[in-house]
Structures are given as structure tokens and as C-alpha cells.
Amino acid sequence: MQAPFFLKEGLNLSHFFQGTINLDLSPSTFKLGAPRHQFKSIAWTEHLQAENFSFYSCELSKSTDGPVFDCLVYWPHPSTKPAFHQKDSVLEIVGPHVPELSCGSEIYIAAPRSSITFSSP
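Structural notes, computed from the coordinates.

The rules behind these values
- Chains are numbered independently. Their residues run from 1 in the order of the written sequence.
- Where totals are concerned, whole chains, interfaces and linings use all residues; where local detail is concerned, this predicted model gives features only for residues with pLDDT of at least 70, and gives and counts side-chain atom pairs only at 80 or more.
- As a rule here, side-chain values come from all non-hydrogen atoms in the structure, and water together with hydrogens is ignored.
- Within 6.5 Å between ring centres, the rings of Phe, Tyr and Trp (the latter by its six-membered ring) count as paired, and their orientation is classed by plane angle as stacked under 30 degrees, edge-to-face over 60, tilted in between.
- Elements are defined by DSSP. Helices are runs of H or I of four residues or more, strands are runs of E of two residues or more, and each kind is numbered from the N terminus.
- Whether a residue is buried, partly exposed or exposed follows from its accessible area with a 1.4 Å probe, protein chains only, as a fraction of its type maximum: under 20%, in between, or over 50%, in that order.
- As used in this record, nonpolar core signifies buried Ala, Val, Leu, Ile, Met, Phe, Trp, Tyr and Cys residues forming a set joined through side-chain atoms within 4.5 Å.
- In what follows, a contact means two residues having at least one pair of non-hydrogen atoms within 4.5 Å.

**A word on the packing of aromatic side chains**
Piece 1. In total, this model carries six aromatic pairs according to the counting rule given.
Piece 2. Taking the centre distance of 5.0 Å and the plane angle of 85° together, the rings of F6 and F55 count as edge-to-face. Here F55 lies in strand β4 (residues 51-61) and F6 lies in helix α1 (residues 3-8), a separation of 49 residues in the sequence. For the pair F6 and F55, a shared accessibility class is recorded, and that class is buried.
Piece 3. Here the aromatic cluster, defined as three or more aromatic residues joined through ring pairs, consists of F6, F39, F53, F55 and Y74.

**Thoughts on the nonpolar core**
A general tendency of soluble globular proteins is for nonpolar side chains to be buried together.
Piece 1. L60, V73 and I93 are the most contacted members of the largest nonpolar core, which totals 15 residues.
Piece 2. For this core, the secondary-structure elements that each account for two or more residues are β1 (21-24), β4, β5 (68-76) and β6 (90-94).
Piece 3. Among all residues touching L60, those that are not within four sequence positions of it are I21, L23, P67, V68, F69, C71, I93, I107, Y108 and I109.

Shown next, in the form of C-alpha cells:
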């Protein structure tokens, strides 16, 4: 539902699957850095206050030698979305359709250090 509002601001998501991959990295952690895209005060529904969103570059693959998919981490800023909070270990990812991906699948993620840093326990 938000894609048309992002398009008006210059981010075309039409080539991506219409949904998110919710990737739980626990027990590892991540720290978000510089976003590739950032939008402030997006009023995408009359039922909620305007929200801020950031998108961070990343790549996903199903195996270390398989195809790599260019994706974006989708991050609604918690400060403007008080009614919903994602687990601290979960990244929401938008990207193209990843064949044979299902709930519980193992997936590999990589990102430029300026975008996202990952830490193992």
C-alpha cells in the first residue's frame, strides 16, 4: 500500500515482489548505517499518523554459490510507528521474487558496511 507514495518520492518498487521477507538474524545482531533512500512524513493511510521510512542496500542468496538478488531493507522508523514494533533481530526485506524461498528457509544476506553491519554473538 505504501509503494505509490514511495514512487512519488522517487523510489520505484514495481520490479519487486509485493511483500516482505522477514529475516530473523537471532542470535546475531545488526546496526543500520546510511540509508540508500529516506522519506519523511509519508501519510500513506488516513488511519495512522504520517511515518518516516528508510531503505538500506543489501543482497540475498539461497546459497554461497547461488544467484544473488539485489534487495532493500525496509525500515519504518519506530519513532513514527508507535503501535507496531518488529523484534530487534528481524530485518524486513523487499526485493524480487526469490525462487523456492519459504518460511524457515536458510538465506544469506550481505550489505555494504556503510549500510548495515552484522555482528555474531
